[in-house]
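Listed below are the residues making up each chain.
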Amino acid sequence: MADGKPRIFPKYPSSKAEIRPGADKIPQFAGHTTFDERGRGEFIVTDPIAAGKTFVLAQEDTERLVKVKSEAGIMLFDGRNQAQNVWFILRSLLPAGKTGSVLTWYLEPNAIPNWKRQPVIGFSQVCYTPGQKKVAVIELDQGDNIAVISASGKVFE
């Protein structure tokens, strides 16, 4: 929800985009860049999917519900248009020429009393030889009190 209006996160990158010449890039500190030129001397600028002062994410899911507010306004972008390792981005523009406290966001996660994270089993098959003992790790919520029994019968609590 963006200012009370329902929006949908697209399954595939689908924002309106414009290609601009490299000369239009905003100069950044120490020569860093957040624009991908793709070796062409140009960069892509996308339009936000939504804009507003209040975003409510996943309001139907109590475990993922988050509210983000800002008087300055917030924009939601689909970062997948510019990079494969990015998803969705909330962004506010910083006002020019202002110093001190220039932007405030208020984040409100939905806290669920006595919530416990589901156990996670982590394992890797990389760098093991065929005859080598494989290892898996069970990660539990710090408040969990489940006993774990190893393959050898050892009990961990």
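Here, the structure is the one placed above.
What follows concerns the overall build of the chain. Across its full length, the chain carries 0 helices and 10 strands. Counted from the first residue to the last, the chain has its helices and strands arranged as β-β-β-β-β-β-β-β-β-β. The 157 residues of the chain split such that 18% are buried. In the chain, of all internal contacts separated by at least 6 residues, the share reaching a separation of at least 24 is 46%. By element, 56% of the accessible surface of the chain is carried by carbon and sulfur atoms, the whole surface being about 12500 Å².

All right, on to the packing of aromatic side chains then. With the rule as written, the count across this model stands at 2 aromatic pairs. Here phenylalanine 9 and phenylalanine 88 contribute two aromatic rings whose centre-to-centre distance is 4.6 Å and whose plane-to-plane angle is 75°, an arrangement assigned as edge-to-face. With a gap of 79 residues between them, phenylalanine 9 in the segment before strand E1 (17-21) and phenylalanine 88 in strand E5 (residues 88-91) connect regions that are remote in the sequence. On the basis of relative accessible area, phenylalanine 88 is assigned to the partly exposed category, the value being 25%. The interplanar angle of 45° and the centroid separation of 6.2 Å between the aromatic rings of tryptophan 87 and phenylalanine 88 together place this pair among those described as tilted.

It is worth spelling out the side chain of aspartate 141 at this point. When you line up the elements, aspartate 141 lands in the loop between strand E8 (136-139) and strand E9 (148-149). Buried within the structure, aspartate 141 lacks any salt-bridge partner; its nearest side chain of opposite charge belongs to arginine 117, at an N-O separation of 5.1 Å. For aspartate 141, the side chain forms a polar contact with the main-chain nitrogen of arginine 117, separated by 3.0 Å. Leave out the neighbours within four places in its chain, and aspartate 141 touches Trp115, Lys116 and Arg117.

Looking at soluble globular proteins, one finds that nonpolar side chains tend to be buried together. In terms of nonpolar packing, the biggest core is built from 7 residues, these being Ala2, Ile49, Ala50, Phe55, Val68, Ile74 and Leu76. Contributions of two or more residues to this core are made by strand E3 (50-57) and strand E4 (66-78). Here the element with the most residues in this core is E4; it accounts for 3 residues. Every residue in contact with alanine 50, bar those within four places of it in the chain, is listed here: Ala2, Arg7, Phe55, Ile74, Met75 and Leu76.

Quick look at a nonpolar patch on the surface now. On the surface, a nonpolar cluster with roughly 330 Å² of combined accessible area is contributed by Ile121, Phe123 and Ile138. On the basis of relative accessibility, which here comes to 41%, the residue isoleucine 138 falls in the partly exposed class.

Okay, the environment of serine 70 next. Turning to its location among the elements, serine 70 is positioned in strand E4. The spatial distance from the C-alpha of serine 70 to the C-alpha of serine 92 is 8.4 Å, given a sequence separation of 22 residues. If near-sequence neighbours (up to four positions away) are discounted, serine 70 is found in contact with Lys53, Ser92, Leu103, Thr104 and Trp105.

The next thing to look at is the pattern of salt bridges. A complete count under the given rule lists 6 salt bridges for this structure. Close ionic contact of arginine 20 with glutamate 18 constitutes a salt bridge, the shortest N to O distance being 3.3 Å. A salt bridge links glutamate 139 to arginine 117; the shortest N-O distance between them is 2.8 Å. Residue glutamate 139 is found in strand E8, and its partner arginine 117 is found in the loop between strand E6 (106-109) and strand E7 (120-123); the two are separated by 22 residues along the sequence. Relative accessible area serves as the criterion here: at 26%, arginine 117 is assigned to the partly exposed category.

A few words on the side chain of aspartate 144. Relative to the assigned elements, aspartate 144 resides in the loop between E8 and E9. In this structure aspartate 144 is buried but unpaired, with lysine 116 as the nearest side chain of opposite charge at 4.4 Å. Excluding anything up to four places from it in sequence, aspartate 144 contacts Lys116 and Arg117.

Calculation criteria
Just so you know, the residues in each chain are numbered from 1, in the order the chain's sequence is written. It should be noted that, the model being predicted, local features are given only for residues of pLDDT at least 70 and side-chain atom pairs only at 80 or more, the latter also being counted only at that level, while totals for whole chains, interfaces and linings use all residues. Computation of side-chain values: all heavy atoms of the structure, hydrogens and water removed. A helix here means a DSSP run of H or I that spans at least four residues, while a strand means a run of E at least two residues long, and both kinds are numbered starting from the N terminus. Burial status follows relative accessibility: with a 1.4 Å probe on protein chains alone, a residue under 20% of its type maximum counts as buried, one over 50% as exposed, and anything between as partly exposed. Note on contacts: a residue pair qualifies if any of its non-hydrogen atoms lie within 4.5 Å across the two residues. Only the protein chains shown count as cover for residues, and the accessible areas themselves come from Shrake-Rupley with a 1.4 Å probe. Two aromatic rings, drawn from Phe, Tyr or Trp (for Trp, its six-membered ring), form a pair once their centres lie within 6.5 Å of each other, and the interplanar angle then sorts them: stacked below 30 degrees, edge-to-face above 60, tilted otherwise. Only four residue types enter the tally: Lys and Arg on the positive side, Asp and Glu on the negative side; His and the chain ends are excluded. A carboxyl oxygen of Asp or Glu within 4 Å of a side-chain nitrogen of Lys or Arg is what we treat as a salt bridge. What qualifies as a polar contact is a pair of N or O atoms within 3.5 Å, subject to a donor-acceptor requirement within protein and to the restriction that residues adjacent in sequence count only when both atoms come from side chains. Joining through side-chain atoms within 4.5 Å is the link that ties buried Ala, Val, Leu, Ile, Met, Phe, Trp, Tyr and Cys residues into a set, and such a set is a nonpolar core. Residues enter patches when their relative accessible area tops 30% and they take part in no salt bridge; the joining distance is 9 Å for like charges and 5 Å for the nonpolar side chains Val, Leu, Ile, Met, Phe, Trp and Tyr.

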